[in-house]
Amino acid sequence: MPPGEAPATVLVTDDDERFRERLVRAFVRHGFQAHGAASAQAALEAARALRPGYAVVDLRLPDGSGLELVRELKALDVSTTVVVLTGYGSIATAVEAVRRGATHYLAKPADVDDILLAFAGATLPSGQEAALTHEVPSLARAEWEHIQRVLADCGGNISQAARLLRIQRRSLQRKLSKYPVPK
């Protein structure tokens, strides 16, 4: 960032406090002025005050849909670059997110480098390809991340998570005893 230029502002909206705060700290380390919001309402209030150039929006929020928040953020400032994050990705929601104004749609757990890559791709001049690459997780890694998300949603209850995943409890325990699969 050139000297004297104000840092770009990013608004991170996610109801998972630890994940949100980790992203905010990472953006600050990368030179952004970063702010977090736990709900759609808090994000809209912050966006009205801050006018962020960038926004990271979780698809599921406690007081509404991230898709609706994307539409409202773009209505406030059409130049805001919005990236949608979700642990429950589908083609339908990805298409809807882009239709409402999101630039990219990333699966959780995305890190700040993935999000910066999405931001960079959104701001390249037309016709210019991104020099950056994105690493696609292996099938084993995607399975491990899905199991972790379901287990977190069940509050750590292995029996309930096994029922939701439609596998036996013992099989789930074996999968959980293994170390995380490398990306």
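Above this note sits the structure.
Heads up: these notes are all about the structure in this document. (Residues numbered from 1 in each chain as written. Predicted model: local features only at pLDDT ≥ 70, side-chain atom pairs only at ≥ 80, totals over all residues. Heavy atoms only, no water.)

Time to look at the nonpolar core. Grouped together as the largest cluster of nonpolar side chains are 21 residues, with contacts concentrated most on Val 57, Leu 69 and Val 84. Counting residues per element, the ones that place at least two in this core are α2 (40-50), β3 (54-58), α3 (66-76), β6 (81-86) and α4 (91-99). With five residues, α2 is the single largest residue contributor to this core. If we ignore the near neighbours within four places in the chain, the residues touching Leu 69 are Thr 13, Ala 40, Ala 43, Leu 44, Val 57 and Leu 61. Within the second largest apolar cluster, 20 residues are counted, among which are Val 56, Leu 106, Ile 115 and Ala 118. (Core = buried A, V, L, I, M, F, W, Y, C linked by side-chain atoms within 4.5 Å. Buried < 20%, exposed > 50% of the residue type's maximum accessible area, 1.4 Å probe, protein only. Helix = DSSP H or I, 4+ residues; strand = E, 2+ residues; numbered from the N terminus. Contact = heavy atoms within 4.5 Å.)

A word on the sheet that holds β6. Taken in spatial order, the five strands of this open sheet run β2-β1-β3-β6-β7, and their pairing is parallel. Both outer strands of the open sheet, β2 (33-37) and β7 (104-107), are each paired with one neighbouring strand and no more. Each neighbouring strand pair of the sheet contributes to a mean axis angle of 20°, computed without reference to strand direction. Inspection of the sheet shows strand β1 (residues 9-13) paired to β3 by four bridges, in the parallel sense. Directly across from Val 12, in β3, lies its bridge partner Val 56. Those strands touched by α3 are β1, β3 and β6, and its axis lies near 160° from that of β3. (Pairing = 2+ DSSP bridges. Axes fitted to C-alpha atoms, helices over the stretch in contact; angles between N-to-C directions.)

Turning our attention to α4. Looking only at α4, the buried set comprises Ala 94, Glu 96 and Ala 97. For α4, the angular spread of the buried residues around the axis is 165°, confining them to a single face. Set apart from the buried face of α4 by more than 90 degrees, the exposed residues are Ile 91, Ala 92, Val 95 and Arg 99. Buried residues belonging to α4 abut α3, β6 and β7. Among the residues trailing α4, Gly 101 stands out with phi positive, at a value near 125°. (Arc of directions from axis to C-beta.)

Moving on, we get to the packing of α2 against α3. One can describe the packing of α2 onto α3 by two numbers: an axis separation of 11 Å at closest approach and a directional angle of 10°. As far as their axial angle goes, α3 and α2 are roughly parallel. Facing α2, whose interface residues are Ala 40, Ala 43, Leu 44, Ala 47 and Arg 48, α3 presents Leu 69, Glu 72, Leu 73 and Leu 76. Among the residues making up the contact of α2 with α3, the classes are represented as seven nonpolar, no polar and two charged. (Parallel < 35°, antiparallel > 145°, perpendicular 65-115°, else oblique. Nonpolar A, V, L, I, M, F, W, Y, C, P; charged D, E, K, R; others polar.)

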